[in-house]
Structure formats: structure tokens, C-alpha cells
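# What the coordinates show
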There are 2 protein chains.
Amino acid sequence: MASGGPEIEQLIQLLARLPGLGPRSARRAVLHLIKKKEQLMLPLSAALDRAVLAVKSCEVCGNVDTTSPCSICADPRRGESGILIVVEDVADLWALERAGVGQVRYHVLGGVLSPLDGVGPDDLNLEGLIARAHDYSEIVLAMNATVEGQTTAHYITDRLTGTDIRVTRLAHGVPVGGELDYLDEGTLSQALKARTVI
Amino acid sequence: MASGGPEIEQLIQLLARLPGLGPRSARRAVLHLIKKKEQLMLPLSAALDRAVLAVKSCEVCGNVDTTSPCSICADPRRGESGILIVVEDVADLWALERAGVGQVRYHVLGGVLSPLDGVGPDDLNLEGLIARAHDYSEIVLAMNATVEGQTTAHYITDRLTGTDIRVTRLAHGVPVGGELDYLDEGTLSQALKARTVI
């Protein structure tokens with residue numbers, strides 16, 4: 001099993017632990033890195049070193065950035081809309097930012113309630129959300145459309161009843177570019193119920 | 001597009017250039033790295049730094065290792081069999097080593113002859129092969145079963161005619177665990193021609 005010494009073997013094993021890479025693709029990736037030492041391996045090594053030093057978790061919203069509070073929490077224009085979008089994960093925040101949803105702020109829960117996996121309210125960044133919710137006029141619950149995501153959304157809605165904060169959720173419907181034929185019945189019936197005038 | 005500062009954005013872009021990773025999976029990989037900073041990001045950063053310093057290309061066979069000559073070329077037992085296996089790429093060498101083909105040596109061409117892509121004999125490690133071939137009694141041509149691979153095999157065979165070196169190639173046939181129904185006609189007819197007595 002001697003594929004090129006312990007340094008290379010260890011690099012393969014670490015890369016294989018990234019999501020989307022297995023042992024085989026990690027090996028291909030390492031060979032690619034070695035072939036492109038100047039153009040890719042050295043810059044990647046330097047970028048990783050810099051990121052290790054720079055990356056912080058935002059103390060306000062849970063986003064990942066190089067400053068804390070993160071650039072979104074630190075931007076006053078982001079607060080003017082009064083909209084706070086609650087997401088499960090930093091990846092969801094990034095996805096919404098790529099979609100260009102506008103001048104909003106976020107709150108990253110760091111997961112969803114899941115009694116089966118032993119995840120309770122104390123394991124999520126929920127108290128932080130309740131504490132800062134009062135600074136916003138609308139809370140958009142943008143959890144995934146899974147059972148756990150919707151359970152978490154219900155929990156938050158319950159915690160915020162009695163306040164004058166408007167609690168909303170993302171619309172269900174046909175994905176843009178999606179074909180009806182490939183959609184599940186739940187999505188189709190939701191899309192029909194929520195139909196809009198052209 | 002502000003997903004977490006320039007350091008993180010740069011890391012995503014570099015990882016996205018690895019084979020098997022695109023922009024989306026590179027983003028997921030970076031988030032995973034950030035979440036597992038102590039267990040994965042720091043060790044990966046250190047492993048990459050070490051590999052950058054340690055990795056060498058073997059001056060004899062073209063293998064990638066931390067020494068040159070590589071551990072295979074430096075091992076005298078490897079020379080006793082008199083077998084030299086010629087492969088296109090380091091990945092093929094590693095694949096044969098994983099298969100446990102025994103005490104053999106290798107020669108990495110670094111590609112195949114491909115007039116369409118402008119790859120001629122001078123672009124490959126062919127002269128190195130001809131020079132060291134005389135130290136071996138058998139040369140196994142283990143190029144891929146593509147047109148370019150077979151063209152390269154013919155070229156090497158031509159260059160070695162007139163010597164007393166035995167030139168062989170890998171057997172074609174049904175892959176172990178493969179189903180006949182899914183195999184192409186070329187493989188099936190080769191497998192029938194080369195049938196063996198049980």
C-alpha cells in the first residue's frame with residue numbers, strides 16, 4: 001500500500017474526510033495537487049494557513065466570517081429592513097446570499113430539533129434568537145422543508161407568540177425551471193393552493 | 001456573494017479546482033473544514049505543508065514519492081523479478097500497487113501519444129524507458145485500453161524489437177465481478193478468444 005510515502009498517505013486520508021470526496025477521489029485530488037504543485041498545491045497550502053488564522057464564528061448570528069460580528073451583522077443597512085432570516089446552517093445563509101435576497105440579517109441555529117438524534121433546544125442557538133428577535137419586525141423561518149425543520153419552526157413560532165413580531169416562512173411551490181412531472185404531490189398541491197394571479 | 005470574507009472565498013476557489021469537486025461541493029467542503037477546525041482543518045493544513053516540502057518526482061521511473069529514487073526503485077528485491085511495468089500515469093502505478101501485483105518495478109510515461117492533442121514521443125518519458133529497458137527481461141505495457149494507449153504500446157513495441165526483451169500487455173477480459181450483459185462486444189469477444197481451461 002506504499003503510494004508515495006507517509007506524507008502523501010496522510011494527505012489522502014485527511015482529504016477523504018471531506019464531504020463529497022472518498023478515498024478514491026481523494027487520491028486523484030492529491031495526485032492532481034502534486035502535478036500542479038506551483039499553480040495549485042502551494043496556493044492551496046497558503047490559503048488554508050490564512051483561513052485557519054482568519055476564520056471566526058460570528059458571536060451575534062453564528063455566521064462564519066473573518067470578523068466577529070460578521071460583515072452582515074456589522075452592516076447598518078442590513079438592519080434597516082427589520083427582516084431576520086432564521087436558517088439551520090451557514091451553508092443555507094450562503095445560499096440565500098447567493099440568491100441575492102437583499103438587505104436582511106440572518107440567524108444560524110446550527111441544526112434543527114431532533115429528539116431521535118438527541119438534539120434539544122439547548123443544543124441550538126435558540127436563546128440567542130429569542131433575545132435578538134425583538135430588534136426585528138419580521139422573522140422569516142427558512143428551515144429545510146423536513147419534519148425536523150418544520151418542528152423547529154413550530155417551536156420558534158410558539159416562543160414568539162404574544163410578541164408583535166411577524167413570523168413568516170418561505171413559500172412552497174414549483175421550483176423555477178422545475179417540471180411538474182417530476183415533482184412530488186405535496187409540493188404540487190401546495191403550489192396549487194398558493195397560486196397567484198398573473 | 002459575500003460568503004465569509006476573502007480568505008474563505010479564495011479557499012473555496014482553490015478547492016473547486018480539484019478533480020471531483022465543483023464550486024458547490026468546494027463550498028460544502030470548506031464549511032465542513034471550518035466546523036471541524038481542530039480535528040480536520042488544522043491537520044489538513046499541516047499535512048499539506050509537509051507534503052509540499054516532501055514530495056518529489058522519482059528521477060528513475062517518474063513515480064511520486066518523498067525520496068528520489070523512489071522507494072520502489074530503491075528496493076533491490078523489486079529488481080529481481082526482471083519485470084518492468086509501463087503505465088501512463090502515477091495513478092495507474094498506485095492502482096497496480098494496491099492490487100498487489102508483486103515485486104515489480106514501474107515506468108511512468110506521464111501520458112500517451114496523441115497527435116490530435118499535439119503529444120509526441122518527446123513529450124513523454126519514452127527515452128528514459130528505452131534506456132532502462134535493457135536492465136529487465138520483461139516489459140509489461142499496462143497502458144489504458146484506449147486508441148492512444150494502444151498506439152503508445154505499438155510505438156514502444158517497435159522501439160524494442162531486435163532486443164531480447166519480452167514485451168507483453170495486460171490481458172483483456174471480463175472484469176472480476178462484472179456482468180456479461182453490461183460488457184461491450186469488444187471485451188466479450190476478447191474474453192472468449194483468450195478463454196482458459198478451468
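Residues numbered from 1 in each chain as written. Chains lettered and ligands numbered in written order. Predicted model: local features only at pLDDT ≥ 70, side-chain atom pairs only at ≥ 80, totals over all residues. Heavy atoms only, no water.

Taking an unreviewed UniProt entry as the reference, chain A is identified by name as Recombination protein RecR belonging to Devosia marina. The heading Function (unreviewed entry) in the UniProt record of chain A holds the text "May play a role in DNA repair. It seems to be involved in an RecBC-independent recombinational process of DNA repair. It may act with RecF and RecO." Per UniProt, chain A has the following entry under Sequence similarities (unreviewed entry): "Belongs to the RecR family." (UniProt positions renumbered as here; feature names shortened; annotations may be inferred.)

So, about the relation of the copies chain A and chain B. Once turned by 180° and shifted 0.0 Å along the axis, chain A lies on chain B with an RMSD of 0.0 Å. Such a combination of rotation and displacement between the chain copies is what one expects of a two-fold axis. It is Ser45(A) whose C-alpha, among those of chain A, lies nearest the rotation axis, at 3.2 Å. Both copies present the same face, since 100% of the interface residues in chain A are matched by interface residues at the equivalent positions in chain B. (Least-squares fit on C-alpha atoms with pLDDT ≥ 70 in both. Contact = heavy atoms within 4.5 Å.)

Okay, the environment of Arg159(B) next. Residue and element names in this part refer to chain B. One can find Arg159 in helix H8 (residues 147-160). With a relative accessible area of 33%, Arg159 lands in the partly exposed category. Arg159 sits twelve residues away from Val147 along the chain, and the two C-alpha atoms are 18 Å apart. Each residue touching Arg159, except ones within four places of it in the same chain, is listed here: Glu127 and Ile130. (Helix = DSSP H or I, 4+ residues; strand = E, 2+ residues; numbered from the N terminus. Buried < 20%, exposed > 50% of the residue type's maximum accessible area, 1.4 Å probe, protein only.)

Here the UniProt feature "domain: Toprim" (unreviewed entry) sits at residues 82-175 of chain A. For residues 82-175 of chain A, the helix share is 33%, the strand share is 18%, and the end-to-end C-alpha distance is 27 Å.

Time to look at the sheet that holds strand S6 (residues 166-169) of chain B. Residues and elements named next belong to chain B. An order of S4-S3-S5-S6 is seen for the four strands of this open sheet, with the pairing classed as parallel. Sheet topology places strand S4 (105-108) and S6 at the edges, where each strand pairs with a single neighbour. The mean inter-strand angle of the sheet, taken between neighbouring strand axes irrespective of direction, is 25°. Examined bridge by bridge, strand S3 (residues 83-87) and S4 share four bridges and lie parallel to one another. The residue bridging Val87 from the neighbouring strand is Val108, located in S4. Strands in contact with helix H7 (residues 126-133) are S3, S4 and strand S5 (138-141); relative to S4, the strand with the most contacts, it is inclined by about 150°. (Pairing = 2+ DSSP bridges. Axes fitted to C-alpha atoms, helices over the stretch in contact; angles between N-to-C directions.)

This part takes up the environment of Cys70(B). All names here are of chain B. Along the polypeptide, Cys70 turns up in the loop between strand S2 (64-65) and helix H4 (71-74). Judged by its relative accessible area of 0%, Cys70 is buried. In this structure, the C-alpha to C-alpha distance between Cys70 and Gly22, residues 48 residues apart in sequence, is 33 Å. Once residues lying within four places of it in the same chain are set aside, the contact partners of Cys70 are Cys58, Cys61, Asn63 and Asp65.

Right, let's get into helix H2 (residues 23-35) of chain A. For H2(A), which comprises 13 residues, the first-to-last C-alpha distance of 18 Å matches the rise-based estimate of 18 Å (1.5 Å per residue) to within 8%. Within H2(A), the full set of buried residues consists of Ser25(A), Ala26(A), Arg27(A), Ala29(A), Val30(A), Leu31(A), Leu33(A) and Ile34(A). Contact partners of the buried residues in H2(A): helix H1 (5-15) and helix H3 (37-54) of chain A together with helix H3 (37-54), S2 and helix H6 (90-98) of chain B. (Expected span 1.5 Å × (residues − 1).)

Turning to the pairing of S4(B), a few remarks are in order. A two-sided burial pattern is seen for S4(B), the buried positions comprising Arg105(B) and His107(B) on one face and Tyr106(B) and Val108(B) on the other. For the crossover from S3(B) across H6(B) to S4(B), the handedness is right-handed. (Right-handed = clockwise from strand over helix to strand, strands pointing away.)

Residues and elements named next belong to chain A. Taken together, the four strands give an open sheet; going across it, the order is S4-S3-S5-S6, and neighbouring strands pair in parallel fashion. The open sheet has two edge strands with one neighbour each: strand S4 (105-108) and strand S6 (166-169). When the angles between neighbouring strand axes are averaged without regard to direction, this sheet yields 25°. Both strand S5 (residues 138-141) and S6 contribute to a ladder of four bridges, which runs parallel. Of the residues in S6, the one forming a bridge with Val140 is Thr168. Where helix H8 (residues 147-160) meets the sheet, it contacts strand S3 (83-87), S5 and S6, and its direction lies at approximately 165° from that of S5.

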